[in-house]
Amino acid sequence: MVRKISIVAIALSALPLTGCWEFNLLSWSPDGRYLLFMDWGDRVVWRWDTVKQRSEKIKGLDGLTIDRAAYLSEGEALLFGNQMYPTEFHMADSPRPGGLMKLNLVDGYRHDVPPGANTMGFAISPDRKRILTIGAERHGEDQRVVVAIAPANDVNKRRILAEFPEDAQMPQFDRTGRRVLFMKSLPDDEVPEDVEYGAEIVLLEFDSDSASTKSIVKTLGEYPINPQWVGDDAFVYAIHGEEEEHDGTGLLMLYSFDRGEPEVLHERTVGYFPASVDSDGNTLIVSSVGEVPDRLVDTPGPLVQLLKIDLKSREKAWITDEPFGAYAGKFHPTRHQVAYVTGGEPLSVRILDLDTGKRQLVWRNDEERLFTSLERFIETGDTGLAMASYDELLHRYPESGFRSRAVYHRMIMHLESPVDEFDDAVSVLAELDDDELRSIVRPRLWEESSTEIPDAQEDLLRRYTTEASAAEFEFDTDRTRDLTGMVIRSTSEKLYLKIDFNSAYDLGGSVFSE
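Presented here is a report on the structure given in the accompanying data block. Quick caveat: nothing in here was measured; it's all calculated off a predicted structure.

1. A few points about the overall build of the protein chain
So, point 1. Scanning the protein chain for helices and strands turns up seven helices and 31 strands.
So, point 2. By residue count, 53% of the 514 residues in the protein chain fall in the buried class.
So, point 3. In the protein chain, of all internal contacts separated by at least 6 residues, the share reaching a separation of at least 24 is 47%.

2. What about helix α4 (residues 422-429)?
So, point 1. Of the positions making up α4, those classed as buried are F422, A425, V428 and L429. An end-on view of α4 places all buried positions within 120° of arc, on one side of the element.

3. Overview of the sheet that holds strand β27 (residues 348-353)
Hydrogen bonds along the backbone pair up the strands of a sheet, which may run parallel or antiparallel.
So, point 1. The four strands lie next to each other as β25-β26-β27-β28, forming an open sheet whose pairing is antiparallel. Looking along the sheet, the strands with just one partner apiece sit at the ends: β25 (326-331) and β28 (359-362). Between one strand axis and the next, the sheet turns by 25° as a mean value, whatever way the strands run.
So, point 2. Strands β27 and β28 of the sheet are contacted by helix α1 (residues 366-380), whose axis makes an angle of about 165° with β28.

4. Some details on the environment of S373
So, point 1. Inspection of the secondary structure puts S373 in helix α1.
So, point 2. C-alpha of S373 to C-alpha of L393: the two residues are 20 residues apart in sequence and 9.8 Å apart in space.

5. Examining the nonpolar core
So, point 1. Counting 34 residues, the largest nonpolar core has L26, L35, F37, V45, L79, V341 and V349 as the members making the most contacts within it.
So, point 2. For this core, the element with the highest residue contribution is strand β2 (residues 34-38), accounting for five residues.
So, point 3. With near-sequence residues (within four places) excluded, F37 lies in contact with L25, L26, V44, V45, W46, R47, W48, S55, L347, V349, V362 and R364.
So, point 4. Counting residues in hydrophobic clusters, the runner-up holds 30 residues, among them F377, V407, V428 and L429.

6. Notes on the packing of α1 against helix α3 (residues 403-415)
So, point 1. Close contact between α1 and α3 brings their axes to 11 Å; oriented N to C, the two are set at 20°. If you check the angle between α1 and α3, you find them roughly parallel. Read as a crossing pair, α1 and α3 show a hand that is left-handed. Contacts between α1 and α3 involve F371, L374, E375 and I378 from the former and R405, A406, H409 and M413 from the latter.
So, point 2. Residue composition of the contact of α1 with α3, grouped by class: five nonpolar, one polar and two charged.

7. A short note on α1
So, point 1. Helix length check: α1 (15 residues) gives 21 Å between terminal C-alpha atoms against 21 Å at 1.5 Å per residue, within 8%.
So, point 2. Within α1, burial applies to E367, E368, L370, F371, T372, S373, L374, E375 and F377.
So, point 3. Buried-residue contacts for α1 involve β27, β28, α2 (383-396) and α3.
So, point 4. The N-capping residue of α1, defined by a side-chain oxygen 3.2 Å from the backbone nitrogen of E367, is N365.
So, point 5. Positive backbone phi, at 80°, marks G381, one or two positions downstream of α1.

8. Notes on the pattern of salt bridges
So, point 1. Within this structure, the stated rule accounts for 22 salt bridges.
So, point 2. A salt bridge links R359 to E322; the shortest N-O distance between them is 2.4 Å. Of this pair, R359 sits in strand β28 while E322 sits in the loop between β24 (316-318) and β25, and the two are 37 residues apart along the sequence. For the pair R359 and E322, a shared accessibility class is recorded, and that class is buried.
So, point 3. Between E368 and R364 there is a salt bridge; the shortest N-O distance is 2.6 Å.

9. Quick word on the side chain of H414
So, point 1. Within the secondary structure, H414 sits in helix α3.
So, point 2. Beyond its immediate stretch of four places on either side in the chain, H414 contacts M387, E421, D424, A425 and V428.

10. What about the side chain of R405?
So, point 1. Turning to its location among the elements, R405 is positioned in helix α3.
So, point 2. The buried charged residue R405 lacks any salt bridge partner; its closest oppositely charged side chain belongs to E375, at an N-O distance of 6.4 Å.
So, point 3. Each residue touching R405, except ones within four places of it in the same chain, is listed here: F324, T342, G343, G344, E345, P346, S348, F371 and L437.

11. Overview of the sheet that holds strand β12 (residues 159-164)
So, point 1. Pairing within the open sheet is antiparallel, and its four strands lie in the order β9-β10-β11-β12. Each having just a single partner strand, β9 (118-124) and β12 make up the two edges of the open sheet. When strand polarity is set aside, the average angle formed by the axes of neighbouring strands in this sheet is 20°.
So, point 2. Bridge count between strand β11 (residues 142-151) and β12: five bridges; the pairing is antiparallel. The residue bridging A148 from the neighbouring strand is I160, located in β12.

12. Here's the deal with the packing of aromatic side chains
So, point 1. Applying the stated criterion to the full structure yields 11 aromatic pairs.
So, point 2. When the centroid spacing of 5.5 Å and the interplanar angle of 80° are considered together, the rings of Y255 and F257 count as edge-to-face.
So, point 3. Residue class for F257 comes out partly exposed when judged on its relative accessible area of 27%.
So, point 4. Above the ring of F257, the side-chain terminus of R179 is found at 5.9 Å from the ring centroid.

13. Overview of the pairing of β27
Along any regular strand, the residues point their side chains to alternate faces of the sheet.
So, point 1. Here β27 lies mainly inside the structure; six of its six residues are buried.
So, point 2. Because side chains alternate across β27, one face comprises the buried residues S348, R350 and L352, and the other comprises V349, I351 and D353, equally buried.
So, point 3. As defined by bridge partners, strand β26 (residues 337-342) adjoins β27 across six bridges and the pair is classed as antiparallel. Counterpart to V338 in the pairing with β27 is L352.
So, point 4. Between β26 and β27, which pair antiparallel one after the other, the connecting turn spans five residues, and G344 there sits at a positive phi close to 90°.
So, point 5. Relative to β28, β27 runs antiparallel, the two sharing four bridges. Paired with V349 across the bridge in β28 is V362.

Rules of the game
Residues numbered from 1 in each chain as written. Predicted model: local features only at pLDDT ≥ 70, side-chain atom pairs only at ≥ 80, totals over all residues. Heavy atoms only, no water. Helix = DSSP H or I, 4+ residues; strand = E, 2+ residues; numbered from the N terminus. Buried < 20%, exposed > 50% of the residue type's maximum accessible area, 1.4 Å probe, protein only. Contact = heavy atoms within 4.5 Å. Arc of directions from axis to C-beta. Pairing = 2+ DSSP bridges. Axes fitted to C-alpha atoms, helices over the stretch in contact; angles between N-to-C directions. Core = buried A, V, L, I, M, F, W, Y, C linked by side-chain atoms within 4.5 Å. Parallel < 35°, antiparallel > 145°, perpendicular 65-115°, else oblique. Left-handed = near helix turned anticlockwise from the far one by under 90°. Nonpolar A, V, L, I, M, F, W, Y, C, P; charged D, E, K, R; others polar. Expected span 1.5 Å × (residues − 1). Polar contact = N/O pair within 3.5 Å; in protein donor to acceptor, adjacent residues only side chain to side chain. Salt bridge = Lys/Arg side-chain N within 4 Å of Asp/Glu carboxyl O. Lys, Arg positive; Asp, Glu negative; His and termini not counted. Phe/Tyr/Trp six-rings, centres within 6.5 Å; stacked < 30°, edge-to-face > 60°. Lys NZ or Arg CZ within 6 Å of the ring centre and 35° of its normal.

Quick look at the structure:
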């Protein structure tokens, strides 16, 4: 089954808190040379080397389901698996729904962190020397959720910072490494009977001697998910309710400790993909749904794209216009670059330079290399080389998972050609077996801006309303009422008709005048 990353297709309705996903698919190494990324389908973890321009599959993970991977140091990573929780806790002596593993990226050696725990969330301190975990534990007949911190080089020396009966997840360190935000369910006595659930964002402050917690934001009937620090005195989070009215998006909220109350920063945010903050804490990248100005293609509905928000000026700008959508943006640790994932399967990862607008295309094998070459040549305007890459890709890999996207690109190249290639574009459209992509590109055939024939006696494009169609063409009058419009396009050899017919009847028996 193809998993398309339009906002509807990934089914982003809110989940119970004990089953809430955190789509954190990308992680940069501390020096920014390597990018860990996960295949959405089989959860295989890969590492892209930005210097050598190649990917390698991470060893030691066969048979494991990985939901999140994060760099711990240059040679180690933390892997979070089996993140979907049932509504009831599974304690340490039962089958584990969630597990955190520490993995040596070179030799594939791994072990649990901490041993035997049911991890529900984790965070790595800014100096990469400590690991904070939130996990469910059983002590006799009691069950509790424990927030603990341990040295990264000796996870057995953990220190418990807080514990409570409610579930929690999504912890996030601030820049000092002494404050942590996380999401937690409200105690039952704080949730009215007519409200199904409640949640809160909790601030945990600690030093070597003490630790304290404080509820900052409380919500009823909504989840405040993925809190992210922005500077030292503010954080952002997303609000998602259980029932979404339209497309599974929510509100991006900004909470300032100075003001003491949240404000709406952006609407239609896909909060399940955490916001990413640049190293200065001044700019956010969020996954959002909205109309991107000057789009190259029409879409049947808005796609998820990446939006940049300046926290000082509140200015917003779309930084992607991917025809298949873009999400899960992650700032490079030192450069003005953002890594992100594009929609569809197989997985596609891009690295965007925000200063130049150029993309670095990540690939894992020769098939993907050919597809990324096709995209790169399209970007640089080398149509001949792009066509050659297209032909080689489909010749060597006729069943390629990138086939639909490659055919889409070829059709767009025909439509944007300075010479008349409309007939070729129509022919290629017949090869496109992806219904969603067909609905995206079909409107391009009927745009006014498409190539015109220099010696055409009349306008290339002619549009008829229902009444004009009935007057111009000899339709059966009983069927004319179902005709909502017609568009005619001519090329040097053929005549194309687009008929909008809002009816269960077909056009059999209709007669067209010459």
